Amino acid sequence: MSLDDFRITSGKQFKLASFVPGSKPLSTGNKTSDNAHLAELSTQLDALQDIFYAEHTHKLLIVLQGMDTSGKDGTVRSVFRSFDPLGVRVASFKSPTPEELAHDYLWRVHAQVPRKGEIAIFNRSHYEDVLITRVHGWIDERECERRYKQIRAFEQMLVETGTTIVKCFLHISKDEQKKRLEERIADPQKHWKFDMQDLAERKFWKEYQKAYEDAISATATPDAPWYIVPADSKSHRNLMVAEILKAVFDTIKPAYPPPNPALAKVVVE
């Protein structure tokens, strides 16, 4: 299987249940070998990001969405560990503040989109406004459909002004989430990660799966595709996201700016 099998560019016939969270399509079957390949990819991505930043032309937005414990933070730490912080920025979107609620829901998101030469990583994103709001009935179906349309238009505007968008749904199973939550409870050093609200949201598992399926179906386009990333395996999740990023750079083909002829006459004393 290839990355194209997990790349969603249209909602037609898309079913989230068709993707198995525990699958490892890009794995060699050996965790040590997979981690070595990820380290090699990280080195390549580091070099490509340096060129991307130096060229100062393109903009890259990476959206990470997924259920609690699906590994959004872990993906950032593992895949982007070698990147120069100068050209990478992570934006996390939690419950909106009173000031943010006083504006439209995309106001706080637009302020965080990448600048030229920059990679912006959204740890959760504007999609929260068609997920948790939908599951808990804070918006009705009509408003949700209106927001899908607005999100498509927002992302298309970003694309038309030079932003490459990659959206990754970290697809974890309910059993694996249970295991990870139990690990957090059992380990005192992981208690800081545990939130009782995670257990409350877990009760709405089926509703969230449906909300994600609907949101992906409604907003997957050739210009702003979704990738379904099997995430029960942390090492495979990281490997797949790295491969996606490498494929994106191969498409963008960043290049260093042309040399400055005037510098040939410069003497440093």
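Above this text you will find the structure in question.
Keep in mind that what you see is a predicted model, and the values were worked out from it rather than measured.

Enquirer: Outline the packing of helix H2 (residues 72–79) against helix H10 (residues 234–252), listing residues and values.
Expert: Axis separation between H2 and H10 bottoms out at 10 Å; the angle between their running directions is 60 degrees. The orientation of H2 with respect to H10, classified from their angle, is oblique. As for the relative orientation of H2 and H10, their crossing is right-handed in sense. Between H2, through Gly74, Thr75, Ser78 and Val79, and H10, the contact on the second element is made entirely by Arg237, Asn238, Val241 and Ala242. Taken together, the residues that form the contact of H2 with H10 break down as 3 nonpolar, 4 polar and 1 charged.

Enquirer: Could you give an account of the environment of cysteine 168, naming the residues involved and the relevant values?
Expert: Its location among the elements puts cysteine 168 in strand S5 (residues 163–171). Separated by 102 residues in the primary sequence, cysteine 168 and glycine 66 place their C-alpha atoms 8.3 Å from one another. Beyond its immediate stretch of four places on either side in the chain, cysteine 168 contacts Val63, Leu64, Gln65, Trp226, Tyr227, Val229 and Ile244.

Enquirer: Can you lay out the side chain of serine 235 for me, pointing to particular residues and giving the numbers?
Expert: Examined against the element boundaries, serine 235 turns out to sit in helix H10. Those residues within four positions of serine 235 in sequence are excluded, and the remaining contacts are Lys31 and Asn35.

Enquirer: I'd like a description of the packing of aromatic side chains, backed by residues and values.
Expert: As enumerated under the stated definition, the model contains 7 aromatic pairs in all. A ring pair is formed by phenylalanine 6 and phenylalanine 19, whose centres lie 5.9 Å apart and whose planes are at 50 degrees; its orientation type is tilted. Of the two residues, phenylalanine 6 sits in the segment before strand S1 (7–8) while phenylalanine 19 sits in the loop between S1 and helix H1 (31–55), which places them 13 residues apart along the sequence. According to the relative accessible area criterion, phenylalanine 6 is buried, its value standing at 4%. Relative to phenylalanine 249, the ring of phenylalanine 52 has its centre 5.7 Å away and its plane inclined at 75 degrees; by these criteria the two rings are edge-to-face.

Enquirer: Give a description of helix H9 (residues 205–219) that names residues and reports values.
Expert: Here H9 spans 21 Å end to end across 15 residues, near enough to the 21 Å set by a 1.5 Å rise per residue. Most of H9 sits inside the fold, with 11 of its 15 residues counted as buried. Trp205, Tyr208, Gln209, Ala211, Tyr212, Glu213, Asp214, Ala215, Ile216, Ala218 and Thr219 are the residues of H9 that are buried.

Enquirer: Provide a residue-level description of helix H6 (residues 141–160), including the pertinent values.
Expert: In a regular helix each residue adds 1.5 Å, so 20 residues correspond to 28 Å; H6 covers 29 Å between its end C-alpha atoms and thus fits that length. Within H6, the full set of buried residues consists of Glu143, Cys144, Arg147, Tyr148, Ile151, Phe154, Glu155 and Leu158. On an axial view of H6, the arc spanned by its buried residues comes to 145 degrees, and they lie on one face. Opposite the buried face of H6, at more than 90 degrees from it, the exposed residues are Arg142, Lys149 and Glu160. Buried residues belonging to H6 abut strand S2 (59–66), helix H4 (107–110), helix H5 (132–135), S5 and H9. A distance of 3.3 Å separates the backbone nitrogen of arginine 142 from a side-chain oxygen at the start of H6, and that oxygen is part of aspartate 140. Looking one or two residues beyond H6, the residue adopting positive phi is glycine 162, at roughly 100 degrees.

Enquirer: Can you break down the layout of surface pockets residue by residue, with the values?
Expert: Considered as a void within the structure, the largest pocket measures approximately 1500 Å³ in volume. What lines the largest pocket is a set of 48 residues, and nearest its centre among them are Asp68, Lys72, Lys94, Arg124 and Asp198. If you tally residues by element for the lining of the largest pocket, the top one is H2, at 5 residues. Among the residues making up the lining of the largest pocket, the classes are represented as 11 nonpolar, 14 polar and 23 charged. In this structure, the second largest pocket spans a volume of roughly 280 Å³. For the second largest pocket, the lining is made up of 16 residues, of which Arg7, Thr164, Pro225, Val248 and Thr251 are closest to its centre. Sorting the residues of the lining of the second largest pocket by element identifies S5 and H10 as the ones contributing at least two each.

Enquirer: I'd like to hear about the sheet that holds S2, residue by residue, with values.
Expert: A sheet is described by the order of its strands in space; here 6 strands give the open sequence S1-S6-S5-S2-S4-S3, paired in mixed fashion. The two strands at the open ends of the sheet, each matched to only one other strand, are S1 and strand S3 (88–92). Direction of pairing for S1 relative to strand S6 (residues 226–230): antiparallel, over a ladder of 2 bridges. Within the sheet, the bridge partner assigned to arginine 7 lies in S6 and is tyrosine 227.

About the thresholds
- Residues numbered from 1 in each chain as written.
- Predicted model: local features only at pLDDT ≥ 70, side-chain atom pairs only at ≥ 80, totals over all residues.
- Heavy atoms only, no water.
- Axes fitted to C-alpha atoms, helices over the stretch in contact; angles between N-to-C directions.
- Helix = DSSP H or I, 4+ residues; strand = E, 2+ residues; numbered from the N terminus.
- Parallel < 35°, antiparallel > 145°, perpendicular 65-115°, else oblique.
- Left-handed = near helix turned anticlockwise from the far one by under 90°.
- Contact = heavy atoms within 4.5 Å.
- Nonpolar A, V, L, I, M, F, W, Y, C, P; charged D, E, K, R; others polar.
- Phe/Tyr/Trp six-rings, centres within 6.5 Å; stacked < 30°, edge-to-face > 60°.
- Buried < 20%, exposed > 50% of the residue type's maximum accessible area, 1.4 Å probe, protein only.
- Expected span 1.5 Å × (residues − 1).
- Arc of directions from axis to C-beta.
- Polar contact = N/O pair within 3.5 Å; in protein donor to acceptor, adjacent residues only side chain to side chain.
- 1 Å grid on protein atoms, 1.4 Å probe; cavity = no way out; pocket = protein on both sides within 12 Å on 5 of 7 lines; lining within 4 Å.
- Points joined across faces, edges and corners; volume = space filled by probe spheres on them.
- Pairing = 2+ DSSP bridges.

Without other data, these values stay purely geometric and don't point to any function.
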